[in-house]
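Chains, contacts and geometry: an overview
What follows is each chain in one-letter form.
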Amino acid sequence: MSTYMVITVTPDDEEKMARYERETLSVVARFGGRPIRRDTAPIALESDHEPAIAVILEFPDKQSVLNFYNSAEYEPLKEFRHTFARASAVLIDAT
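Anyway, here's the lowdown on the structure attached to this text. As the structure is a prediction and not an experimental result, all values here were calculated from the model. (Residues numbered from 1 in each chain as written. Predicted model: local features only at pLDDT ≥ 70, side-chain atom pairs only at ≥ 80, totals over all residues. Heavy atoms only, no water.)

Turning our attention to the layout of surface pockets. To find the voids left in a structure, one rolls a probe of water-molecule size over its atoms. Roughly 160 Å³ of internal volume is contained in the largest pocket. In terms of lining, the largest pocket is formed by 13 residues, of which the most central are Tyr20, Glu21, Leu25, Val55 and Leu57. For the lining of the largest pocket, the secondary-structure elements that each account for two or more residues are strand E1 (3–11), helix H1 (14–30), strand E2 (34–39) and strand E3 (53–59). Broken down by element, the residue count for the lining of the largest pocket peaks at 5 residues, all from H1. Its residues assigned to classes, the lining of the largest pocket comprises 9 nonpolar, 1 polar and 3 charged. (1 Å grid on protein atoms, 1.4 Å probe; cavity = no way out; pocket = protein on both sides within 12 Å on 5 of 7 lines; lining within 4 Å. Points joined across faces, edges and corners; volume = space filled by probe spheres on them. Helix = DSSP H or I, 4+ residues; strand = E, 2+ residues; numbered from the N terminus. Nonpolar A, V, L, I, M, F, W, Y, C, P; charged D, E, K, R; others polar.)

This is the structure we're talking about:
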């Protein structure tokens, strides 16, 4: 079984978003993760926020997601994202 990280993002700057995604995907891979879906027209069923992008990342296990999310490599990317986007992330453990 796998563990998933579902991220929704509404960026204010498309160029910064593209940079963030490029740089983040290499960090995701170092922690055993990979993108499996990306939707640029997600539908929020219960939220006051309509995200512009939704991404599903697959990891081997919950600890891999937590290691990625709390890593020194990802921290500056999170901070960068906070400067141009509204986002949320959920970890779903399917094991």
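Take the side chain of Thr8 next. Relative to the helices and strands, Thr8 resides in strand E1. At 2.7 Å, the side chain of Thr8 and the side chain of Ser88 are in polar contact. In contact with Thr8, other than residues within four places in its own chain, are Pro51, Ile53, Ala54, Arg86, Ala87 and Ser88. (Polar contact = N/O pair within 3.5 Å; in protein donor to acceptor, adjacent residues only side chain to side chain. Contact = heavy atoms within 4.5 Å.)

With that out of the way, let us pick up H1. Over its 17 residues, H1 extends 25 Å from the first C-alpha to the last, a length consistent with the 24 Å expected when each residue adds 1.5 Å. Those residues of H1 that sit buried are Met17, Tyr20, Glu21, Thr24, Val27 and Val28. Those residues of H1 that are buried lie in contact with E1, E2, E3, helix H2 (62–69) and helix H3 (75–82). Capping of H1 at its N-terminal end is provided by Asp13; its side-chain oxygen lies 3.0 Å from the backbone amide nitrogen of Glu15. Two residues or fewer after H1 comes Gly32, characterised by a positive phi angle close to 85°. (Expected span 1.5 Å × (residues − 1). Buried < 20%, exposed > 50% of the residue type's maximum accessible area, 1.4 Å probe, protein only.)

The next point concerns the sheet that holds strand E4 (residues 85–93). Sheet strands associate in pairs through backbone hydrogen bonding, adopting either a parallel or an antiparallel arrangement. Read from one edge of the open sheet, 4 strands run E2-E3-E1-E4, paired in antiparallel fashion. Two strands lie at the open edges of the sheet, namely E2 and E4, each paired on one side alone. Strand-to-strand, the axes of this sheet are offset by a mean angle of 20°, without reference to chain direction. Two elements, E1 and E4, share 9 bridges in a ladder whose sense is antiparallel. (Pairing = 2+ DSSP bridges. Axes fitted to C-alpha atoms, helices over the stretch in contact; angles between N-to-C directions.)

Turning next to the pattern of salt bridges. In this structure the tally under the stated criterion is 5 salt bridges. Salt-bridge contacts for Arg34 lead to Glu58; the nearest nitrogen and oxygen are separated by 2.7 Å. Linking Arg34 in strand E2 with Glu58 in strand E3, this pair joins segments that are 24 residues apart in sequence. Taking the relative accessible area as the measure of exposure, Arg34 reaches 46% and is therefore partly exposed. (Salt bridge = Lys/Arg side-chain N within 4 Å of Asp/Glu carboxyl O.)

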